Amino acid sequence: MWLRTLKTDTARLIAASAMAISLSACGFHLRGAPPVSSALEPLELVCESPVPASLCQSTREQLELGGIELATGQSANYRLKISDFAQDRRASAITVQAAAAEYTLRQSVDLELVSSNGIPVIASTRLTTTESYRYDETNVLAKQREEENLQQQLSDRLAQQIIFRLAPITEKRLQEIRNNYQSSPTPPGSQSGKP
């Protein structure tokens, strides 16, 4: 019986490996974050405290991987601001002995994209991601490491959500936003009615 199970598992492993090789040979790749339009270049990335460095770095890396030119201060045409970071950990399942059996981790952040002349492209938007994991009080150190890894994964997911929010902003969409802003009676933050 054990030998039959081993043969079946081996056959499945070989079949999965062959499929993975054939898929990679034909050019198939798992989809990542969508590309960000070069219309947002040069882009300034601003991470306000208490945004963790890992989230800021992950966002920066995703932008750089997408070929987006990053700049600072006056040389940037658009400013991407990440702020109001929050994270929490809550018991989501309880054992019969009233101890936590599962925890849910949550991270959230505000995102805002503004042009260099103050036109809001993406108004302040709250992004949130969560993940749950089973807790085992007999293996606290391993569960601590698992939680740290999950916190990093949550930061990476938030960075991906940020990129997904930027992806639809094309030159055409930016022009529509500028036109709508200029044609509104009193653009937000402007007393003269001109951006």
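Here, every reference points to the structure presented above.
Summary of the structure given here.

## Looking at the overall build of the protein
Consideration 1: Summing up its helical and strand segments, the protein has four helices and four strands in all.
Consideration 2: Out of the 195 residues in the protein, the part that is buried amounts to 32%.
Consideration 3: Taking the intrachain contacts of the protein between residues at least 6 apart in sequence as the baseline, contacts between residues at least 24 apart amount to 69%.
Consideration 4: On the protein, roughly 12,400 Å² of surface is accessible, and the fraction owed to carbon and sulfur atoms is 52%.

## Let's talk about the pairing of strand β1 (residues 43–47)
Consideration 1: Of all the five residues making up β1, four are buried; the element is thus mostly covered by neighbouring parts of the structure.
Consideration 2: When β1 meets strand β2 (residues 78–94), the two strands line up parallel, connected through five bridges. The residue bridging Cys-47 from the neighbouring strand is Ile-82, located in β2.

## Some points on the sheet that holds strand β3 (residues 100–115)
Consideration 1: If you walk across this open sheet you meet the four strands as β1-β2-β3-β4, and the pairing is mixed. Each of the sheet's edge strands pairs with one partner strand only, and the pair in question is β1 and β4 (120–134). Between one strand and the next, the sheet's axes are offset by a mean angle of 20 degrees, whatever the strand orientation.
Consideration 2: The sheet contacts of helix α2 (residues 53–65) involve β1, β2 and β3, and relative to β1 the element is tilted by about 165 degrees.
Consideration 3: The strands touched by helix α4 (residues 171–183) are β2 and β4; relative to β4, the strand with the most contacts, the crossing angle is about 125 degrees.

## Section: the side chain of Ser-58
Consideration 1: Along the polypeptide, Ser-58 turns up in helix α2.
Consideration 2: A relative accessible area of 8% means that Ser-58 is categorised as buried.
Consideration 3: Here Asp-156 takes part through its side chain, which lies 3.1 Å from a polar atom of the side chain of Ser-58.

## Some points on α2
Consideration 1: Here α2 spans 18 Å end to end across 13 residues, near enough to the 18 Å set by a 1.5 Å rise per residue.
Consideration 2: Turning to α2, its buried residues are Leu-55, Cys-56, Ser-58, Thr-59 and Leu-63. Looking down the long axis of α2, one finds its buried residues gathered within 165 degrees of arc, a one-sided arrangement. Residues of α2 that are exposed and point over 90 degrees away from its buried face: Ala-53 and Leu-65.
Consideration 3: Two residues or fewer past α2, Gly-67 is found with a positive phi of approximately 80 degrees.

## So, the side chain of Glu-44
Consideration 1: With respect to the element layout, Glu-44 can be found in strand β1.
Consideration 2: Residues within four places of Glu-44 in sequence aside, it is in contact with Ala-71, Thr-72, Gly-73, Ala-76, Tyr-78, Arg-79 and Leu-80.

## Here we look at the pattern of salt bridges
Consideration 1: Considering all chains together, one arrives at nine salt bridges under this definition.
Consideration 2: The partner of Lys-81 in a salt bridge is Glu-112, with the nearest N and O atoms 3.5 Å apart. Separated by 31 residues along the polypeptide, Lys-81 in strand β2 and Glu-112 in strand β3 bring together distant segments of the chain.
Consideration 3: The exposure class assigned to Glu-112 is partly exposed, which follows from its relative accessible area of 24%.
Consideration 4: Measuring nitrogen to oxygen at the nearest pair gives 3.0 Å for the salt bridge that ties Arg-89 to Glu-147. One end of the pair, Arg-89, is in strand β2; the other, Glu-147, is in helix α3 (residues 140–166), and 58 residues separate them in sequence.
Consideration 5: The class of Arg-89 is partly exposed, set by a relative accessible area of 38%.

## What about the environment of Leu-65?
Consideration 1: Relative to the helices and strands, Leu-65 resides in helix α2.
Consideration 2: As a C-alpha pair, Leu-65 and Pro-35 span 30 residues in sequence and 9.2 Å in three-dimensional space.

## Observations concerning the packing of aromatic side chains
Consideration 1: In this structure the tally under the stated criterion is zero aromatic pairs.
Consideration 2: Sitting over the face of the ring of Tyr-103, Arg-89 holds its NZ or CZ atom 3.7 Å from the ring centroid.

About the criteria used
Residues numbered from 1 in each chain as written. Predicted model: local features only at pLDDT ≥ 70, side-chain atom pairs only at ≥ 80, totals over all residues. Heavy atoms only, no water. Helix = DSSP H or I, 4+ residues; strand = E, 2+ residues; numbered from the N terminus. Buried < 20%, exposed > 50% of the residue type's maximum accessible area, 1.4 Å probe, protein only. Contact = heavy atoms within 4.5 Å. Areas by Shrake-Rupley, 256 points an atom, 1.4 Å probe, with all protein chains shown as cover. Pairing = 2+ DSSP bridges. Axes fitted to C-alpha atoms, helices over the stretch in contact; angles between N-to-C directions. Polar contact = N/O pair within 3.5 Å; in protein donor to acceptor, adjacent residues only side chain to side chain. Expected span 1.5 Å × (residues − 1). Arc of directions from axis to C-beta. Salt bridge = Lys/Arg side-chain N within 4 Å of Asp/Glu carboxyl O. Phe/Tyr/Trp six-rings, centres within 6.5 Å; stacked < 30°, edge-to-face > 60°. Lys NZ or Arg CZ within 6 Å of the ring centre and 35° of its normal.

That is the geometry; function is a separate question.
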